[in-house]
Amino acid sequence: MHRFTLRLADLATTWFAYSPIHETVLSLRMWTHPGVYRLQNRAFEQLRPSFERLDSRLLRTLTTRNRWVPDFLTPRPSSPAPDFRAELATVRALPPELLRGELEQTFLPHGQPLPALLEAGLADPAALLGRICDALEEYWEACLAPAWWPQARAVLEADLVYRARVLAQHGAAALFSDLDHRLEWADGVLSINRNWMDGDVETAVDGRGLVLCPTFFVRGAITMIDSTRPPQISYPARGQAGMAGQGPPVPPRALEALVGAPKARLLAMLAEPASTTELSYRLGVTPGAVSQHLSVLAATGLVTRARHGRSVLYRRSVLGDELTGGR
């Protein structure tokens, strides 16, 4: 178990963030462990030709056989929606003399030697660090940023809005119990069932704040390898089915007759917050068309909207829930 001790003041400084550098690094698991994150299979198979033109051999070496990645590649977010380049600058700022230790704590505890490519590169750690960061930047620019990230960001933003609502309406105990099956909250201690590691780890949040990060590339809640780092937990994001190509839910026929098929489909999809970008992707129509229908639904009180970062997220209102039968 990994136990985080939170005082009352620590609960007040627990917050949520999504991280483009986390998604970039953790998504490397798609290339080393295909099939583990099935909801992303279709999207990443489409990205494979672009990935193979990059420094893909180096990128693959950054993930261990048991899917660990070095801590320094996933720094704790400094804001709820950080910029990729700002996060990458944090990674680049690692003192080169620390690079060997960061890599060894990732690979060696599990009987895995450092990959030959990394071991050879450590002859010049500054050059190796630069090559790793350059490869991640190229991967982001060529594979993730153009089409995958806008859709992913919409899902992550919707997750943050949902978590904030759970916290406001039901409190911390309900929030933590809803995050993931690996998490347990009792008597001021948040525990992660780390059955993939030996022994227990104790971390006092102690005024440093606990950051909770949704991601597409974990199967349960995880935290950093080094327990002395600023506290953060990553957990599986909600709402990933839309990016997996699963069709939208079918609305009741009576609702289609009342408001028309396009608006009825939107209402059926808005049980959880979603952006215009995400909705248009799932429906296969233009964002402009979705925006027009949402404007009508909002004007008639069937959906609510709230700004989160650079996006506006829509969700069914109480009246909208009643019309859809809560579907």
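Above this note sits the structure.
These notes cover the structure that comes with them.

Cut-offs and rules
Residues numbered from 1 in each chain as written. Predicted model: local features only at pLDDT ≥ 70, side-chain atom pairs only at ≥ 80, totals over all residues. Heavy atoms only, no water. Phe/Tyr/Trp six-rings, centres within 6.5 Å; stacked < 30°, edge-to-face > 60°. Buried < 20%, exposed > 50% of the residue type's maximum accessible area, 1.4 Å probe, protein only. Lys NZ or Arg CZ within 6 Å of the ring centre and 35° of its normal. Helix = DSSP H or I, 4+ residues; strand = E, 2+ residues; numbered from the N terminus. Pairing = 2+ DSSP bridges. Axes fitted to C-alpha atoms, helices over the stretch in contact; angles between N-to-C directions. Core = buried A, V, L, I, M, F, W, Y, C linked by side-chain atoms within 4.5 Å. Contact = heavy atoms within 4.5 Å. Salt bridge = Lys/Arg side-chain N within 4 Å of Asp/Glu carboxyl O.

**A closer look at the packing of aromatic side chains**
Throughout the structure, instances matching the rule amount to 15 aromatic pairs. Look at tryptophan 148 and tryptophan 149: their rings are 6.4 Å apart centre to centre, the planes differ by 35 degrees, and that puts the pair in the tilted class. Exposure remark for tryptophan 148: the relative accessible area of 4% places this residue in the buried category. Connected via pairs of aromatic rings, a cluster forms that spans Tyr18, Trp31, Tyr37, Phe44, Phe51, Phe84, Tyr139, Trp140, Trp148, Trp149, Phe216 and Phe217. The cationic tip of arginine 238 hangs over the ring face of tyrosine 162; the distance from NZ or CZ to the ring centre is 3.7 Å.

**Focus on unusual backbone geometry**
In this structure, arginine 67 is a non-glycine residue whose phi angle is positive, near 75 degrees. Here arginine 67 lies in the loop between helix 5 (56-61) and helix 6 (84-92). Classification of arginine 67 by relative accessible area gives partly exposed; the value is 24%. Within the chain, aspartate 187 stands out as a residue other than glycine whose phi angle is a positive 55 degrees. Inspection of the secondary structure assignment puts aspartate 187 in the loop between strand 3 (183-186) and strand 4 (189-192). Under the relative-accessibility criterion, aspartate 187 is labelled exposed at 80%.

**Overview of the sheet that holds strand 1 (residues 2-5)**
The sheet built from 4 strands is open, its strands ordered 3-4-1-5 with mixed pairing. Two strands in the sheet have a free side with no partner beyond their single neighbour: strand 3 and strand 5 (201-204). In this sheet, adjacent strand axes meet at a mean angle of 20 degrees when their direction is disregarded. By the bridge criterion, 4 bridges tie strand 3 to strand 4 in an arrangement that is antiparallel. What sits directly across from alanine 186, in strand 4, is valine 189.

**Quick word on the environment of alanine 152**
Here alanine 152 is to be found in helix 9 (residues 125-170). Separated by 125 residues in the primary sequence, alanine 152 and threonine 277 place their C-alpha atoms 10.0 Å from one another.

**Regarding the environment of leucine 117**
Mapped onto the secondary structure, leucine 117 falls in helix 8 (residues 116-121). The buried category is assigned to leucine 117, whose relative accessible area is 15%. Along the sequence, leucine 117 and leucine 128 sit 11 residues apart, while their C-alpha atoms lie 9.6 Å from each other.

**Considering the nonpolar core**
Grouped together as the largest cluster of nonpolar side chains are 67 residues, with contacts concentrated most on Phe44, Tyr139, Trp148 and Ile233. When residues in this core are grouped by element, the largest group, 18 residues, is from helix 9.

**Describing helix 13 (residues 276-283)**
Residues of helix 13 that are buried include every one of Thr276, Glu278, Leu279 and Ser280, and no others. Buried residues along helix 13 sit against helix 9, helix 12 (261-269), strand 9 (274-275), helix 14 (287-299) and strand 11 (311-316). One or two steps after helix 13, the chain reaches glycine 284, where phi turns positive at roughly 70 degrees.

**Quick notes on the pattern of salt bridges**
Under the defined criterion, the tally for this structure stands at 18 salt bridges. Across the pair glutamate 45 and arginine 48 runs a salt bridge, and its minimum N-O distance is 2.9 Å. Of the two residues, glutamate 45 and arginine 48 are both situated in helix 4 (residues 41-52); the distance of 3 residues between them amounts to about one turn of the helix. Taking the relative accessible area as the measure of exposure, arginine 48 reaches 26% and is therefore partly exposed. Look at the salt bridges and you will find they share partners, linking Glu45, Arg48, Glu52 and Arg60 into a network.

**A few points about the pairing of strand 4**
Relative to strand 4, strand 1 runs antiparallel, the two being bridged by 4 bridges. If you follow threonine 5 over to strand 4, its bridge partner there is valine 189. Connecting strand 3 to the next strand, strand 4, in antiparallel fashion are 2 residues, including aspartate 187 with a positive phi near 55 degrees.

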